[in-house]
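# Working through the structure, step by step
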Amino acid sequence: MTETLIEVSAVSKTYANGVVALRDVSLAVRKGEVVCIVGPSGSGKSTLLRTLNALEPISSGEVRVLGQAVHDPRTDLNRLRAQVGMVFQSFNLFPHRTVLENLMLAPRIVRRTEAAAARERAMRLLGKVGLADKRDQHPAQLSGGQQQRVAIARALAMDPAILLFDEPTSALDPEKVNEVLDVMKGLAAEGMTMCVVTHEMGFARAVAHRVVFMEAGSIAHVDAPERFFGPQAPPRLREFLGQVLHG
Amino acid sequence: MSAAEARSRRWAWVALYLAIVMLLAAGVYAAGQRVDYSWHWERVPGYVLSFDGEELRAPFDGFVTLGADGRSLRLSALRTAETAQITGFDRLVVGEGELVFEGDVLAIQAGITPGPLAWGLWLTLKLSALSLLFALVIGVVAGLGRVAANPAARALAATYVEAIRGTPLLVQIFIFYFFVGTVLDLSAFTAGVAALAVFTGAYVAEIVRAGIEAVPRGQMEAARSLGLSYLQAMRHVILPQAFKKSLPALAGQFINLIKDSSLVSVMALTDLTKAGREVVSSTFSPFEVWFTVAAMYLLLTGALSLWVRRLERRLAHD
């Protein structure tokens, strides 16, 4: 039994205007596991992901990541977040810094890494995502796919125990999707613990250990991909998959 | 339209612009001739830069002994054994054996010295530069307060901004000079810098707030998700981008600051405007002097906008 890195217990979230975003959600992710979260828009999948590093506060329940209660005010959130990388739909690279500086910023400031060591690690990660030659460019000079690969390398620069992906390919041109998914597949193969909110069912089927189907703020179904995408899936899920795959 | 045609059309508009400017200048000139006023432009340059030379004055009462070469003189004190040797002058004002008193002019040293208007310009420059520096610090702190999550910080910053923007600068200057200056025992210059910095800081705060709000939310989220604290994220990620976005507005505010600094002439500070008033009262040439003073302000503000434009171009990489 490998250790549990993420444990979401009975989490609910209600906005001030009464809208319920999450309804009694529980989920555990073990070390080395890749969990894909799918569902219609507005089902709460991004909200759930963002509660894992407290970008989104919760109303009740508990989220434990790496053994720490994320939403406990006594938790050192900065320390915890440094160990949980996040990749966003809109990349969110720092436009005033070069690619290399984007990767070096957090290690230099948060970890106080020596410039030479941070640069060496950043170059290694840029090589890994295939963008070593772009190190002195600014993000605006890169394509979407390249920006997202830099964003993944930036998250990896902090040597995180967990990576969270919030619809990493949704803002990309169709022909740029695969270059990003390939990097993510490589990470999964290395045993990285990953939570991926995505619409890429092919990726979920090929890479995920478990797939979560969310609807109206609740987890409606969780299963291994072969059964999740198979004929034994519940009717509502099959309806959703049918819309996504053939719509 | 061909390129040559476009160019010639452009030149036609430039010519029209020049014609209108010249027409306006001629109008001003004609108006100047019509009024009962004798123009004496020749009086003004001496108040900007003086070619009269520097006056060497007697340090104490005493008798003058001229040197043999006419290039030096010795002053022997009247009541003590003290003597002073004075050299390096170009024109003598006193004669051999003359009795002079402390502060009397002994000789003139040729050279160009700044006139009262140049000194006024210098004070205005010092006043504006120092106020700009402090206004930037105050503005960034208050701007951060405006966007803070903490209600106390937000209310404090909002109160500051509203109080300052809701009262005239001239009234604030009086309050700083008479009340704050008295309570804290400030010099007129310090009180002037403080008044201008506090006033401009309120406007800078609003510019900084707008700049921060113009940076996409995702930037803060990305920085925080990497483990940066709120202040680290502000300093390294948000503020550099906000600063770039608000540079044009900041430049406008700092040009205002230079112009607003003319109001401190109500305190005992001889800035460019006060110097202008003094020169008017000694030359009786108000028209020429105020035109000159305006041109000197334009020199400062023009230099500032030029510098900002260059800075903008340098930051325009992304």
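Keep in mind that what you see is a predicted model, and the values were worked out from it rather than measured.

What follows is about the overall build of chain A. Per the secondary structure count, chain A includes nine helices and ten strands. Relative to the globule expectation of 18 Å for 247 residues, the C-alpha radius of gyration of chain A, 18 Å, shows essentially globular dimensions. For the C-alpha atoms alone, the extent of chain A along its principal axes is close to 55 × 45 × 40 Å. Here chain A holds 247 residues, and 45% of them are scored as buried.

Residues and elements named next belong to chain A. Strand order in the open sheet made by the four strands is β2-β1-β4-β5, with antiparallel pairing throughout. Each having just a single partner strand, β2 (20-30) and β5 (68-69) make up the two edges of the open sheet. Sheet analysis places strand β1 (residues 4-14) next to strand β4 (residues 60-65), joined by five bridges and oriented antiparallel. Bridging from a neighbouring strand, I6 pairs with V65 of β4.

Turning our attention to the sheet that holds strand β8 (residues 105-109) of chain B. Taken in spatial order, the three strands of this open sheet run β2-β8-β6 (chain B), and their pairing is antiparallel. Looking at which strands have only one partner, the edges of the open sheet turn out to be β2 (54-57) and β6 (91-92) of chain B.

Residue and element names in this part refer to chain A. The phi angle at F91 is positive, at roughly 65°, despite the residue not being glycine. Among the structural elements, F91 can be located in the loop between β6 (84-87) and α3 (99-110). Among the residues examined, F91 registers 24 C-beta atoms within 10 Å and is labelled buried. Although it is not a glycine, R112 adopts a positive phi angle of roughly 55°. By secondary structure assignment, the location of R112 is in the loop between α3 and α4 (115-128). Accessibility expressed as a C-beta count within 10 Å gives 8 for R112, which makes it exposed.

This brings us to the nonpolar core. By size, the foremost hydrophobic cluster in this structure holds 122 residues, and its most contacted members are C36, I37, L52, A153, L164 and C195 of chain A together with A195 of chain B. At 15 residues, helix α6 (residues 188-214) of chain B tops the list of elements feeding residues into this core. Residues in contact with C36 of chain A, not counting those within four places in the same chain, are V196, T198, A204, A208 and V211 of chain A. Counting nine residues, the second-largest nonpolar core is a separate cluster that includes V48, L121, V289 and V293 of chain B.

Residues and elements named next belong to chain B. Looking at the element boundaries, P216 is found in the loop between α6 and α7 (217-225). A residue is classified by how many C-beta atoms lie within 10 Å of it, and P216, with 13 of them, is partly exposed. Expressed as a C-alpha distance, the spacing of P216 and I238, which sit 22 residues apart in the sequence, is 9.0 Å.

Here we come to the interface of chain B and chain A. Each side of the interface is counted separately: chain B has 18 residues, and chain A has 20 residues. Counting only elements with at least two residues in the side of chain B that touches chain A, the list comes to α7 and α8 (230-260) of chain B. Its residues placed into classes, the side of chain B that touches chain A shows five nonpolar, nine polar and four charged.

Residues and elements named next belong to chain B. As a packed pair, helix α3 (residues 116-147) and α8 sit with axes 11 Å apart at the nearest point and diverge in direction by 135°. Taken as axis vectors, α3 and α8 run oblique relative to one another. Read as a crossing pair, α3 and α8 show a hand that is right-handed. From α3, S128, S131, L132, A135 and L144 reach across to α8, where they touch M234, F254, L257 and I258. Its residues assigned to classes, the contact of α3 with α8 shows seven nonpolar, two polar and no charged.

Each value, and the rule that gives it
- Residues numbered from 1 in each chain as written.
- Chains lettered and ligands numbered in written order.
- Predicted model: local features only at pLDDT ≥ 70, side-chain atom pairs only at ≥ 80, totals over all residues.
- Helix = DSSP H or I, 4+ residues; strand = E, 2+ residues; numbered from the N terminus.
- Rg over C-alpha atoms; globule rule 2.2 N^0.38 Å.
- Buried ≥ 20, exposed ≤ 12 C-beta atoms within 10 Å, placed from the backbone.
- Pairing = 2+ DSSP bridges.
- Core = buried A, V, L, I, M, F, W, Y, C linked by C-beta atoms within 7 Å.
- Contact = placed C-beta atoms within 7 Å.
- Nonpolar A, V, L, I, M, F, W, Y, C, P; charged D, E, K, R; others polar.
- Axes fitted to C-alpha atoms, helices over the stretch in contact; angles between N-to-C directions.
- Parallel < 35°, antiparallel > 145°, perpendicular 65-115°, else oblique.
- Left-handed = near helix turned anticlockwise from the far one by under 90°.

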